[in-house]
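Residues per chain, in single letters:
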Amino acid sequence: MKNRYLEADLIIVGGGSAGCLAAIRALELKPDLKVVIFEKGDIQYSGSIARGMDALNIVAIPNFTTPELYVEAVSMGCGGILDAPASYVMAKRSFELLKKLEGWGVYFPVDKAGQYRTLQYHAKGRFLTAMEEPNLKTMISRLALEKGAVAVNRVMGLELLMDSGRVAGVVGLNVRSGELVVCRANAVILAAGGTARFTLPNSGYLYGTFDYPGNTGDGYVMAYKAGASLTGMEFSRRTLLIKDANMPLLAITVTRGGRVMDIFDNIIMENECHSLSRMEEAFAQGRGPLRIKLSHLKPEVIEEIEHILFTTERPVQERFFKGRGVDFRKSDIELWPTECQLCGGHGMAGVVVNEKAETTVPGLYAAGDVAAVPKQHLTGAFVFGEVAAERAVEFIASNEPVKLDQDRIKAVEARCNRLADTSGREIDVRDFEYKVRRLIGDYVV
Ligand SMILES: Cc1cc2nc3c(=O)[nH]c(=O)nc-3n(C[C@H](O)[C@H](O)[C@H](O)COP(=O)(O)OP(=O)(O)OC[C@H]3O[C@@H](n4cnc5c(N)ncnc54)[C@H](O)[C@@H]3O)c2cc1C
């Protein structure tokens, strides 16, 4: 099969939260810029916010909280292991980001006095700001395309190309046809998310992971092979999630008064969400199964929780709980420890970046869960998507165009052909993945 060749000023690997915001920002700054996005899935629905989202977890609202207080709070959450400038820049730009999203039609509820709804998520300060937007992903992907970005769906970035020590483009693989897609570009933004499929989920379903299962750590590998520094890879992250469903609900329920209880009815967490290690401890001490109790809450609070859970993030939860006969007014929600993930969004692992989203390789930027800005969540993906685009646009304007390294392309091609030829080693790809993830779970994390 012949390779497909594309030309761009800027290529973005991953069309999720960070990738879409990067494309939008680059084209706001320079509408005639050629921006290509390699997206492994379909940009309309891919990534951690496949549908909607219920909160921007970090917003420093002026006259209410400060970026300085946020840095203090996140530093406590990371045991002090933090490059503060990036977290500071994110918090400083977070309110401007909220206003921009509002301008696009994203709904942030306010009370009668016009104050945004904030909840206690961090050890200090109320930074989590409620948002109700069931169509967030389709909105941002549509905006990126309307501004002129070219999304190449079903193409998985495999390897970065280099030219005289700087990045020069990406070789990708069409996961449906097997075609290699080569894109020459003067700057690259890695926005391929974290690693959802790292160990096995407790449910036993290979792809039933908390994070988007298309996120398989490819960004880390590409950066590493190109010589970029990585950090915090030992901080794999494991949480207790809804047993068998692995879906988000801890922040939504506990910040609204839900209680995490152990088997002896001791309250482990209530009204705050920063003591995840206490849950792990309780489970390890044999005080599990843990569960979330909501039945003590006022009916209108339970209704609010149901509304968020069943409409915004993963609407399938409604059917899941109904099928199990779980009514939050009477029954608790069972939690169970499940798969480990690697992630800069909720965790602390990833590609080393500074507050300008620059990696250690010239012309290469990283934003979102692939980048090591600890616990940056969606705010970080959006803010650093924008920051990376701003720096990339400057870099492109002040550097000569790059050349393609045909030898490298041939080497990638040869490797793909070798891996595609399974004769003599007919192991089902799912079996292979199962075994690798089991090994990681048993011996690595
Ligand atoms: C279930 C869940 C709930 C969350 N809730 C909240 C919340 O309420 N508030 C909050 O602030 N944060 C929340 N977060 C965190 C937040 O959503 C993420 O931090 C953020 O969306 C990450 O953005 P990203 O662009 O790095 O990754 P993603 O949005 O996941 O995008 C990565 C993209 O890269 C693509 N990709 C992967 N590999 C390749 C490759 N090799 N080539 C091409 N494309 C590739 C994927 O298909 C995907 O589209 C939540 C996360 C999850 C998983």
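Definitions and cut-offs
- Residues numbered from 1 in each chain as written.
- Predicted model: local features only at pLDDT ≥ 70, side-chain atom pairs only at ≥ 80, totals over all residues.
- Heavy atoms only, no water.
- Core = buried A, V, L, I, M, F, W, Y, C linked by side-chain atoms within 4.5 Å.
- Buried < 20%, exposed > 50% of the residue type's maximum accessible area, 1.4 Å probe, protein only.
- Helix = DSSP H or I, 4+ residues; strand = E, 2+ residues; numbered from the N terminus.
- Near = heavy atom within 4 Å.
- Areas by Shrake-Rupley, 256 points an atom, 1.4 Å probe, with all protein chains shown as cover.
- Nonpolar A, V, L, I, M, F, W, Y, C, P; charged D, E, K, R; others polar.
- Domains from an automatic or database assignment.
- Phe/Tyr/Trp six-rings, centres within 6.5 Å; stacked < 30°, edge-to-face > 60°.
- Pairing = 2+ DSSP bridges.
- Salt bridge = Lys/Arg side-chain N within 4 Å of Asp/Glu carboxyl O.
- Expected span 1.5 Å × (residues − 1).

Undergrad: Please provide a residue-by-residue account of the nonpolar core, values included.
TA: Counting residues in each nonpolar core, the largest one holds 98 residues, and the members touching the most others are Leu-10 and Phe-38. Counting residues per element, this core draws most heavily on helix H10 (residues 377-397), which supplies twelve residues. Listed in part, the 32 residues of the second largest apolar core include Ile-242, Leu-250, Ile-302 and Phe-321.

Undergrad: Tell me about the site of the ligand, residues and numbers included.
TA: Close to the ligand lie 39 residues; Ser-17, Glu-39, Gly-157, Asp-218 and Asp-369 are nearest. In isolation the ligand has 1000 Å² of accessible area, and contact with the protein removes 98% of it. At the level of elements, helix H1 (17-29), strand S2 (35-39), strand S3 (53-56), strand S7 (155-163) and H10 are the ones that each hand at least two residues to the shell around the ligand. The leading source of residues in the shell around the ligand is S3, at four residues. Looking at the shell around the ligand residue by residue, the class counts come to 15 nonpolar, 16 polar and eight charged. Domain assignment of the residues forming the shell around the ligand places at least three in each of domain 1 (4-52 + 134-236 + 342-407) and domain 2 (237-340).

Undergrad: Any details on the packing of aromatic side chains? Residues and values, ideally.
TA: Per the stated rule, a full pass over the model turns up eight aromatic pairs. These aromatic residues form a ring-pair network of at least three members: Phe-310, Phe-320, Phe-321 and Phe-328.

Undergrad: Could you give an account of the sheet that holds strand S5 (residues 128-133), with specific residues and numbers?
TA: Sheet strands pair via backbone hydrogen bonds, and the direction of the pair is either parallel or antiparallel. Read from one edge to the other, the open sheet built from three strands follows the order S3-S5-S4, with strand pairing classed as antiparallel. Bordering the open sheet on either side are S3 and strand S4 (118-119), each of which pairs with just one other strand. Summarising the sheet, S3 and S5 pair through three bridges and their orientation is antiparallel. Within S5, the position partnered with Ala-55 by the bridge is Ala-130.

Undergrad: Describe the pattern of salt bridges, naming the residues involved and giving the relevant values.
TA: Under the defined criterion, the tally for this structure stands at 30 salt bridges. A salt bridge links Glu-28 to Lys-100; the nearest nitrogen and oxygen atoms lie 2.9 Å apart. Of this pair, Glu-28 sits in helix H1 while Lys-100 is found in helix H3 (residues 84-103), placing the two residues 72 residues apart along the sequence. The partly exposed category is assigned to Glu-28, whose relative accessible area is 30%. Note on Lys-100: relative accessible area 21%, which makes it partly exposed. The partner of Glu-386 in a salt bridge is Arg-93, and the shortest N-O contact between them spans 3.4 Å.

Undergrad: Any chance you could break down helix H8 (residues 299-313) for me, citing the residues and the numbers?
TA: The end-to-end C-alpha separation of H8 is 21 Å, in line with the 21 Å expected for 15 residues at 1.5 Å each. Every buried residue belonging to H8 is among Ile-302, Ile-305, Glu-306, Ile-308, Leu-309, Phe-310, Thr-312 and Glu-313, and all of these are buried.

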